[in-house]
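Residues per chain, in single letters:
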Amino acid sequence: MSVLFPKVNKPREWDYRPIYYDAEKEARKDKLARLHRGSFREEHEKHKLQQQARAKSRLAFFVVLALGIALVYYLLR
């Protein structure tokens, strides 16, 4: 800290910007809020259903593959 020139902070400036009501902007905000409300839960449920469908599809594929291999083994034996 300097003895000859001590640091003095400047006072904050008053920056006033009036806020005007914009009906279109408020409508957009409301619409966006309605779209996002509960979206995480919906996305989670959708993802969970997709995973279950993929698991069923994969299981059906392996069952058909196993039956095909068994049939080929039986016919070639």
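This text goes with the structure placed above it.
Just so we're clear, the structure is a prediction, and the values are computed from it rather than from any experiment.

A surface patch of nonpolar side chains, amounting to about 420 Å² of accessible area, comprises Phe61, Phe62, Leu65 and Ile69. Checked against the element boundaries, Phe61 lands in helix α2 (residues 39-76). Judged by its relative accessible area of 51%, Phe61 is exposed.

As enumerated under the stated definition, the model contains two aromatic pairs in all. Judged by centre distance (5.4 Å) and plane angle (65°), the ring pair of Phe61 and Phe62 falls under edge-to-face. For Phe62, a relative accessible area of 47% corresponds to the partly exposed category.

Okay, the environment of Arg17 next. Following the sequence through the fold, Arg17 ends up in the segment before α1 (23-36). The exposed category is assigned to Arg17, whose relative accessible area is 67%.

All right, on to a negative patch on the surface then. Side chains of Asp22, Glu24, Glu26 and Asp30 sit close together on the surface and give a patch of like negative charge. The residue Glu26 is located in helix α1 in this model.

Rules behind the numbers
Going along each chain's sequence as written, the residues are numbered from 1 onward. Only residues with pLDDT of at least 70 get local features here, since the model is predicted, and only at 80 or more are side-chain atom pairs given and counted; chain-wide, interface and lining totals rely on the full set of residues. As a rule here, side-chain values cover all heavy atoms of the structure and leave hydrogens and water aside. Like-charged residues are merged into a patch within 9 Å and nonpolar side chains (Val, Leu, Ile, Met, Phe, Trp, Tyr) within 5 Å, provided each residue has over 30% relative accessible area and no salt bridge. Shrake-Rupley sampling with a 1.4 Å probe provides the accessible areas, and residues are treated as covered by the protein chains on show and by no other component. A pairing counts as a salt bridge when a side-chain nitrogen of Lys or Arg comes within 4 Å of a carboxyl oxygen of Asp or Glu. Segments assigned H or I by DSSP are reported as helices when at least four residues long, segments assigned E as strands when at least two residues long, and all are numbered from the N terminus. Buried means the residue's accessible area, taken with a 1.4 Å probe over protein chains only, is under 20% of the maximum for its type, while exposed means over 50%, and partly exposed covers the values in between. Any two rings among Phe, Tyr and Trp, with Trp reduced to its six-membered ring, count as a pair given centres within 6.5 Å; such a pair is stacked if its planes are under 30 degrees apart, edge-to-face if over 60, and tilted if neither. For the purpose of counting charges, residues Lys and Arg are taken to be positive, whereas Asp and Glu are taken to be negative. His and the chain ends are not included. Charged side chains are reduced to one point each, which is NZ for Lys, CZ for Arg, CG for Asp and CD for Glu.

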